[in-house]
Amino acid sequence: MFDVNRITVRKFELLEISGKLVTAEAYKLEDEIDKILAESSAINFIFDLRNLEYCSSYGLRIFIKVKKDLGIYDGVVILFRPGESFMKLLEIAGLEDYFYIKNDWNNIIDLLADKSINL
Amino acid sequence: MRKTIVISNNIEELKKIERFVELTGDEIELNGKTKYNLNLILEEVLTNIIFYGFDEGIRAEIVIEFEFTDNEVFVEIIDKGRPFNPLERNVDAHDDLSEDTKIGGLGILIIKKLSKEIEYKYIDGENHLLITIEYHV
């Protein structure tokens, strides 16, 4: 139902998530992320959500958990180009300002520069 | 048009609901946003029932009855799990940020925000949750 494509760039994990993040399968993403957190030295995550078609509250909670986990290390979680339905979900949850949401790579580079994070 | 679907209290059964919404939505020409909202509301309600409604190992049925009209759909979800009225729970999404529970408050918030009306009854050992959802134009 959904796919994850992982790209590691030094201090960053870029995860492209496509398809439908339904509750019945979202645990697979959670397991995958737990594995990455355990083995990777990266503390910054970019979730590319351009092709995420659907997300349940369980799915949203996974992103929240990653942000909480990485927050301990001053890590950054960026959501890249989430669609209208995902933005609606954030709005319902009152979490529009909880994540860094960027629609352009230049904005991401600017954010990282502000935070003195080198790619 | 009325339709009924019965699922068991297994999280895998949610896939049947998704297929049902997709096929029925196409049949009566619901637009994508309406199908999305209907599916999301049902997934959140049923996830709560499946995860919290029954003791572990208990197998049970959940009945979902639909009535589609010209501009809204009435859904009644019936289960024999432990009594649970989602309307009695005061929900704040930020509660979920301070705890590690996987299901619960956020789902209820979604149900409340996306539904036009919600009514809960407990009758003869059954939870009856009635939800009215407006079609997106």
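Residues numbered from 1 in each chain as written. Chains lettered and ligands numbered in written order. Predicted model: local features only at pLDDT ≥ 70, side-chain atom pairs only at ≥ 80, totals over all residues. Heavy atoms only, no water.

Caption draft 1: The pattern of salt bridges, seen in detail. Under the criterion given, the structure shown has 19 salt bridges over all chains. Notably, a salt bridge pairs A:R6 with A:E39, separated by 2.7 Å at the nearest N-O pair. Separated by 33 residues along the polypeptide, A:R6 in strand β1 (residues 2-9) and A:E39 in helix α1 (residues 23-39) bring together distant segments of the chain. On the accessibility criterion, A:R6 (29% relative accessible area) is partly exposed. Here A:K88 makes a salt bridge to A:E91, at a shortest N to O gap of 3.9 Å. Remark: A:E91 and A:K88 occur in helix α3 (residues 84-93); sequence separation between them is three residues, near one turn of the helix. Because the salt bridges share partners, they merge into one network encompassing A:E25, A:K28, B:E12 and B:K15. (Salt bridge = Lys/Arg side-chain N within 4 Å of Asp/Glu carboxyl O. Helix = DSSP H or I, 4+ residues; strand = E, 2+ residues; numbered from the N terminus. Buried < 20%, exposed > 50% of the residue type's maximum accessible area, 1.4 Å probe, protein only.)

Caption draft 2: Geometry of the interface of chain B and chain A. Taken together, the contact between chain B and chain A spans 30 residues of the former and 26 residues of the latter. Of the roughly 2,300 Å² buried at the junction of chain B and chain A (both faces included), carbon and sulfur atoms supply 57%. Applying the counting rule to chain B against chain A returns three salt bridges. A:E84 is paired through a salt bridge with B:K33; the nearest N and O atoms lie 2.9 Å apart. Among the elements that line the side of chain B that touches chain A, the one with the most residues is helix α2 (residues 32-52) of chain B, at eight residues. Partitioning the side of chain B that touches chain A into residue classes produces 12 nonpolar, seven polar and 11 charged. (Contact = heavy atoms within 4.5 Å. Buried area = accessible area lost by both parts, 1.4 Å probe. Nonpolar A, V, L, I, M, F, W, Y, C, P; charged D, E, K, R; others polar.)

Caption draft 3: Layout of unusual backbone geometry. Residues and elements named next belong to chain B. The phi torsion at E29 lies on the positive side, around 60°, for a residue other than glycine. Inspection of the secondary structure puts E29 in the loop between α1 (14-27) and α2. In this structure, D124 takes a positive phi of about 45° despite not being glycine. Topologically, D124 is positioned in the loop between β4 (117-123) and β5 (126-134). Assessed through its relative accessible area of 77%, D124 is described here as exposed.

Caption draft 4: Here's a closer look at α1(B). The terminal C-alpha atoms of α1(B) lie 20 Å apart, and with 14 residues this matches the ideal 20 Å at 1.5 Å per residue to within 8%. Turning to α1(B), its buried residues are B:L14, B:I17, B:E18, B:F20, B:V21, B:T24 and B:G25. Seen from one end, α1(B) has its buried residues packed into an arc of 160°, which puts them on one side. Within α1(B), the exposed residues directed more than 90 degrees away from the buried face are B:R19 and B:L23. The inward-facing, buried residues of α1(B) abut β2 (12-21) and α1 of chain A together with β1 (2-8), α2 and β2 (61-68) of chain B. Phi turns positive, to about 60°, at B:E29, one or two residues after α1(B). (Expected span 1.5 Å × (residues − 1). Arc of directions from axis to C-beta.)

Caption draft 5: Structural view of the packing of aromatic side chains. Tallied over the full model, the rule gives eight aromatic pairs over all chains. Between B:F66 and B:F68, the aromatic rings sit 5.7 Å apart at their centres with planes inclined by 5°, giving stacked as the arrangement. Take B:F66 and B:F68: they sit in the same class, and that class is buried. Here the aromatic residues A:F45, A:F47, A:F63 and A:F86 are joined through ring pairs into a cluster of three or more. Across from the ring centre of A:Y98, 4.5 Å away, lies the NZ or CZ of A:K67, which sits over that ring. (Phe/Tyr/Trp six-rings, centres within 6.5 Å; stacked < 30°, edge-to-face > 60°. Lys NZ or Arg CZ within 6 Å of the ring centre and 35° of its normal.)

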